[in-house]
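Observations on the three-dimensional arrangement
Residues per chain, in single letters:
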Amino acid sequence: MGSLPEPIMEENYSKPPGIRFMERAKKSNLSFKTYQAIVLIVTFLAYTSYHATRKTTSIVKSALDPQSPNVGLKFSWQRRDTTHEQNQSSRLSWMLKDGWVPFNGLDGTAMLGELDVSFLFVYATGMYFSGHVGDRMDLRIFLTIGMVGTGLFTALFGVGYWANVHIFYYYLIVQMMAGLFQSTGWPSVVAVVGNWFGKKKRGLIMGIWNAHTSVGNITGSLVASILLKYGWGWSMVVPGSLIATVGVVVFLFLPVHPDSVGANKDEDGVFSPRKEGEEVTEPFLRSSDREDESAVAFIDAWKIPGVAPFALCLFFAKLVAYTFLYWLPFYISHTAIEGKYLSNEEAGNLSTLFDVGGVVGGILAGYISDRLDARAITAASFMYCAIPVLYFYRSYGHVSMTINIILMLITGVFVNGPYALITTAVSADLGTHSSLKGNSRALATVTAIIDGTGSIGAAIGPLLTGYISANSWSAVFTMLMGSAFIAGLFLTRLVVAEVGAKIQQLGSQGSSPISRSPDLLV
């Protein structure tokens, strides 16, 4: 008896209900743009949940270590009302039952900083390996494993509340494992989106899509803040369960590459159906046909023009962004605004405005970079603009709630704008650089190199803040302003090249126009 045709054999395989549903849906002739929409929605939800679980630690931090409001605050302009401070301190102690051993001791702030840095260093190290592995296996499965693992260890951190765990190394190990699984997320989602979208308008599309970072931060802050009153363990377990659930959705519905639906590239690098007007009829999640492409080696990926300067720029950009991510709610709750201190829940809710500004900054940076065709100029300009904004927030954020909100929104725009641009559009551009000769199996590796390097800075920033803030928050902001300046300096060579190209392009007007280069200028 002869073997069955391949399509029938595929139907005989046992498949999850979600995949069977999508395969039935394809019979209704889904358009290619529908598949692109599915990719954007699923990856958006995936990384939103990653950041939601990452943000919860900053909210729980104030519950673990409810210091008196004046700890770590050395601003000369801050007025002191001793009676008010004592009342606020008593209120915090009553609400949070005097914190959680071992984090409520004299070195509690430093210990929390060590948790942050352990998480982020493992995350940064894991990022390099995740990109390497991600370019060599099914990203859908790889992403699912990372999300379920992240959910498990995030929840285990919260389990310490009910298990009455007071051993620092328990929380340290759990955070390190969470960081390892978190490292699977970014290289995977950027590689998938980069596979589906060409370079035209990539900055704007990925700028809008990158709102998942801020949406995740906002969601994590709100959920953790609301649940904090019921016990800080809930603020970890619920987000952990959420990301594991979204991981199942990713496994059921995410198409990794257009090859799985039989698409071709057009001249702009945008994937489209094989014939104009033709609907996609190939199996939705069949195996990729890219076996003939070999994954790019780690060292070779570093040699791609533009990778090193953008990676080093992101080191300092993420140092600034992640210091806000991990310490902003703590800073707000320990800073008097109009002479009053906010509760931990109120501080957590207020801190979400920084991420609202981040959404605007990411979209704005992507749009501007598309219009100018100048990623380096855009990123460097945003970093330089962040310097005075950080100074103003430090100096005048305490004057009134209105001023604090306005300055926090503007700070989010200029701090998160370049961070979002580099980790999305720039990474995707470099992962499809002309030197790769069309090889699409470098996206995850290049993304991992850039974001992994940035994540080392993301680890150092919160660590230094944990120690420096105990003496002076003013010094913390000086560190952040210096980091923003250095981040811009690393792009100087690329900025000069882009400016030179623009001048040359203006000089050539009237003759044959210079064709738009799809790659970053170096």
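How each quantity is defined
- Residues numbered from 1 in each chain as written.
- Predicted model: local features only at pLDDT ≥ 70, side-chain atom pairs only at ≥ 80, totals over all residues.
- Heavy atoms only, no water.
- Core = buried A, V, L, I, M, F, W, Y, C linked by side-chain atoms within 4.5 Å.
- Buried < 20%, exposed > 50% of the residue type's maximum accessible area, 1.4 Å probe, protein only.
- Helix = DSSP H or I, 4+ residues; strand = E, 2+ residues; numbered from the N terminus.
- Phe/Tyr/Trp six-rings, centres within 6.5 Å; stacked < 30°, edge-to-face > 60°.
- Expected span 1.5 Å × (residues − 1).
- pLDDT = per-residue confidence, 0-100.
- Contact = heavy atoms within 4.5 Å.
- Salt bridge = Lys/Arg side-chain N within 4 Å of Asp/Glu carboxyl O.
- Axes fitted to C-alpha atoms, helices over the stretch in contact; angles between N-to-C directions.
- Parallel < 35°, antiparallel > 145°, perpendicular 65-115°, else oblique.
- Left-handed = near helix turned anticlockwise from the far one by under 90°.
- Nonpolar A, V, L, I, M, F, W, Y, C, P; charged D, E, K, R; others polar.
- Bend = angle between axes of the 7 residues up to and from the residue.

Points about the nonpolar core
Formed by 89 residues in total, the largest nonpolar core has its most connected members in Phe 103, Trp 232, Ile 332 and Leu 480. Here the element with the most residues in this core is helix α13 (residues 307-333); it accounts for 20 residues. Counting residues in each nonpolar core, the second largest holds 32 residues, with Ala 46, Met 147, Ala 191 and Phe 197 among its members.

Side note on unusual backbone geometry
In this model, Val 101 is joined to Pro 102 through a cis peptide bond whose omega is 15 degrees. Its identity as a non-glycine residue notwithstanding, Asn 164 has a phi of 55 degrees, on the positive side. Inspection of the secondary structure assignment puts Asn 164 in the loop between α6 (139-162) and α7 (168-182). The phi angle at Glu 338 is positive, at roughly 55 degrees, despite the residue not being glycine. Mapped onto the fold, Glu 338 is located in the loop between α13 and α14 (344-372). On the accessibility criterion, Glu 338 (46% relative accessible area) is partly exposed.

Thoughts on the packing of aromatic side chains
Overall, the coordinates contain 32 aromatic pairs when judged by the stated rule. Aromatic pair Tyr 47 and Tyr 50: ring centres 5.3 Å apart, planes at 35 degrees, arrangement tilted. With Tyr 47 and Tyr 50 both in helix α3 (residues 32-64), this residue pair falls three residues apart, about one helical turn. With a centroid separation of 4.9 Å and an interplanar angle of 80 degrees, the aromatic rings of Trp 162 and Trp 234 are classed as edge-to-face. On the criterion of sequence distance, the pair formed by Trp 162 in helix α6 and Trp 234 in helix α11 (residues 234-253) is long-range, its members being 72 residues apart. You can call Trp 162 partly exposed: its relative accessible area is 43%. The class for Trp 234 is partly exposed, based on a relative accessible area of 38%.

A short note on α14
A rise of 1.5 Å per residue sets the reference length of α14, with its 29 residues, at 42 Å; its end C-alpha atoms lie 42 Å apart and thus fit the reference within 8%. Two residues or fewer after α14 comes Asp 373, characterised by a positive phi angle close to 50 degrees.

Focus: the confidence of the model for the protein chain
Counting all residues, the mean pLDDT for the protein chain is 77, and 75% of those residues have values of 70 or more. Confidence drops under pLDDT 50 across residues 265-292; counting only partners more than four residues distant or on other chains, this segment forms 66 contacts. Across residues 513-522, where pLDDT falls below 50, the model places 27 contacts with residues more than four positions away in sequence or in other chains.

Examining the pattern of salt bridges
Going through the model one piece at a time under the given rule, you end up with four salt bridges. A salt bridge links Arg 140 to Asp 138; its shortest N-O distance comes to 3.9 Å. Its relative accessible area of 9% is what places Arg 140 among the buried residues. For Asp 138, a relative accessible area of 33% corresponds to the partly exposed category.

Concerning the packing of α3 against α6
The contact between α3 and α6 brings their axes to 11 Å, and the two run at 15 degrees. By the angle class used here, α3 and α6 are roughly parallel. Judged by the twist between their axes, the crossing of α3 over α6 is left-handed. The segment α3 lies against α6, with Ala 46, Ser 49, Tyr 50, Thr 53 and Leu 64 engaging Leu 143, Gly 146, Met 147, Thr 150, Thr 154 and Phe 157. A breakdown of the residues in the contact of α3 with α6 according to their chemical character gives six nonpolar, five polar and no charged.

Digging into α13
Here α13 spans 39 Å end to end across 27 residues, near enough to the 39 Å set by a 1.5 Å rise per residue. Most pronounced at Trp 327, the bend in α13 amounts to some 60 degrees, and the proline Pro 329 follows within four residues. Most of α13 sits out of view: 25 of its 27 residues are buried.

Quick notes on the environment of Ile 145
As for its placement among the helices and strands, Ile 145 is situated in helix α6. Accessibility expressed as a relative area gives 47% for Ile 145, which makes it partly exposed. Between the C-alpha atom of Ile 145 and that of Gly 185, which follows or precedes it by 40 residues, the distance is 9.8 Å.

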